[in-house]
Amino acid sequence: MDLGFAPDRPACIVVAGASRGIGWALVQQLLLRTDVGQIFALARSAPQGGWPNDSRLIPLLGDLADEPALEALAANVAERCSRLDMLVNTVGFLHEDQGQQPEKSLRQVSLSALQRSFTINAGIPILLAKAFLPLLRGKHRCIFASLSARVGSIGDNRLGGWYAYRASKAAQNMLLRTFAVEWQRLNRQGICLLLHPGTTDTELSRPFQANVPEGKLFTADFVAERLLAVMAERVPEDTGQFYAWDGKLIPW
């Protein structure tokens, strides 16, 4: 799979949310590639079992919702590489075991839940773009991708519910679509993508898997492979678009 990295220079990559789920699967698959030079794994904690013993992997721990901390992480990356070839954000929030749950009706909507969902699902992606913009500028092919969700599509919303999650993913879509417009003036080879991974067997989806149709619950490894394939197929004219794991466009 050709991701379009420069043939004369090993790629520098950032994966945010790298310690579990899809982020962890992406890290593992990217480490198998000979065209990858460094992977900066941004996470709040190490994965179970620890990080792989690979000198190309550089874990950077911190709270990505803390803007000064995120800027410090970006400065750390900038000291080690002059430009990024790929940044993938996999951080997302839907529920917690003994706390916030997806709303089934309007009566369950609260300002605190909206604020938390918007901070993580919409705030972190655009702050990543802001913090790493100096490494995204230039004339080189570069992919900035962030996990969205089909339920964040306004045009595809037929079931209702899940107010905070839907709205925060829709907000992310608009923020990164807007970023794509500005970024194109700073790097005409930049490709900003919103990606729907499908229902993946991770902690985020586990309480809601009972009604998933047979064959539609994916492993994180499968999703990571498919998302990399979707990214490999994109060209600069695709920037600012919303794609599913199978490469099909999703309506806004």
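- Under the annotation held in an unreviewed UniProt entry, the protein chain carries the name Cell-cell signaling protein and is attributed to Halopseudomonas pelagia.

1. Structural notes on the overall build of the protein chain
Working step 1: Of the regular secondary structure elements, the protein chain holds 5 helices and 7 strands.
Working step 2: Reading the helices (α) and strands (β) of the protein chain from amino to carboxyl end gives β-α-β-β-α-β-α-β-α-β-α-β.
Working step 3: Relative to a compact globule of 252 residues, whose C-alpha radius of gyration would be 18 Å, the protein chain shows 17 Å and is just as compact.
Working step 4: Each of the three principal axes of the protein chain carries a C-alpha extent, and together these read 55 × 40 × 40 Å.
Working step 5: Here the protein chain, with 252 residues, has 51% of them falling under the buried criterion.
Working step 6: Within the protein chain, counting contacts between residues at least 6 apart in sequence, those at least 24 apart form 70% of the total.

2. Comments concerning the packing of helix α1 (residues 21-30) against helix α5 (residues 220-233)
Working step 1: Where α1 contacts α5, the two axes come as close as 8 Å, and the packing angle between them is 65°. Handedness of the α1/α5 crossing: right-handed. Along the contact surface, α1 presents G21, I22, A25, L26, Q28, Q29 and L30, while α5 presents A220, D221, V223, A224, E225, L227 and L228.
Working step 2: Of the residues contributing to the contact of α1 with α5, the split by class is 9 nonpolar, 3 polar and 2 charged.

3. Things to note about the state of the cysteines
Structurally, a disulfide amounts to a covalent bond that connects the sulfur atoms of two cysteines.
Working step 1: For the structure shown, the criterion picks out 0 disulfides.
Working step 2: With no disulfide of its own, C142 has C192 as its nearest cysteine by sulfur position, at a separation of 10.0 Å.

4. Examining the pattern of salt bridges
Working step 1: With the rule as written, the count across this model stands at 9 salt bridges.
Working step 2: One salt bridge connects R116 with E96, and the closest N-O pair in it is separated by 2.7 Å. One end of the pair, R116, is in helix α3 (residues 111-136); the other, E96, is in the loop between β4 (86-89) and α3, and 20 residues separate them in sequence.
Working step 3: For E96, a relative accessible area of 28% translates into the label partly exposed.
Working step 4: Here D156 ties to R158 by a salt bridge, and the two come within 2.7 Å at their closest N and O atoms.
Working step 5: D156 gets classed as partly exposed once you look at its relative accessible area, which sits at 24%.
Working step 6: One network of salt bridges, in which partners are shared, links R9, R83 and D85.

5. A short note on the environment of I13
Working step 1: Its location among the elements puts I13 in strand β1 (residues 11-16).
Working step 2: Separated by 208 residues in the primary sequence, I13 and D221 have C-alpha atoms spaced 18 Å apart.
Working step 3: For I13, the residues in contact, after removing those within four places along its chain, are F5, L30, V36, Q38, I39, F40, L84 and M86.

6. A closer look at the packing of α3 against helix α4 (residues 163-186)
Working step 1: Where α3 contacts α4, the two axes come as close as 8 Å, and the packing angle between them is 15°. Classified by the angle their axes make, α3 and α4 are roughly parallel. Regarding α3 and α4, the two cross each other, and that crossing is right-handed. Counted together, A113, L114, S117, F118, N121, A122, P125, I126, A129, L133 and L136 of α3 and A164, Y165, A167, S168, K169, A171, Q172, L175, L176, F179, W183 and L186 of α4 form the full contact between these two elements.
Working step 2: Its residues placed into classes, the contact of α3 with α4 shows 18 nonpolar, 4 polar and 1 charged.

Definitions and cut-offs
- Here the residue index of a chain counts from 1 through its sequence in written order.
- Only residues with pLDDT of at least 70 get local features here, since the model is predicted, and only at 80 or more are side-chain atom pairs given and counted; chain-wide, interface and lining totals rely on the full set of residues.
- Values shown for side chains rest on all heavy atoms present in the structure; no hydrogens or waters enter the calculation.
- Helix numbers and strand numbers start at the N terminus; a helix is a DSSP run of H or I with at least 4 residues, a strand a run of E with at least 2.
- Our radius of gyration is a C-alpha quantity, and the globule rule it is checked against amounts to 2.2 Å times the number of residues to the power 0.38.
- Each residue gets one of three labels from its accessible area relative to the maximum for its type: buried under 20%, exposed over 50%, partly exposed in between, using a 1.4 Å probe on protein chains only.
- Residue contacts follow a heavy-atom distance rule, with two residues in contact if any of their heavy atoms lie within 4.5 Å.
- Lines fitted to C-alpha atoms define the axes here, with helix axes fitted over just the stretch in contact, and angles between the N-to-C directions of these axes take values from 0 to 180 degrees.
- Take the far helix as your reference; a near helix turned counterclockwise from it by less than a right angle gives a left-handed crossing, and one turned clockwise gives a right-handed crossing.
- Residue type decides the class: Asp, Glu, Lys and Arg count as charged, Ala, Val, Leu, Ile, Met, Phe, Trp, Tyr, Cys and Pro as nonpolar, and the leftover types, Gly among them, as polar.
- Cysteine sulfur atoms that pair up within 2.5 Å are treated as a disulfide.
- The rule for a salt bridge is simple: a side-chain nitrogen of Lys or Arg has to be within 4 Å of a carboxyl oxygen of Asp or Glu.
- Under this scheme an angle from 65 to 115 degrees is roughly perpendicular, one under 35 degrees roughly parallel, and one over 145 degrees roughly antiparallel; angles in between are oblique.

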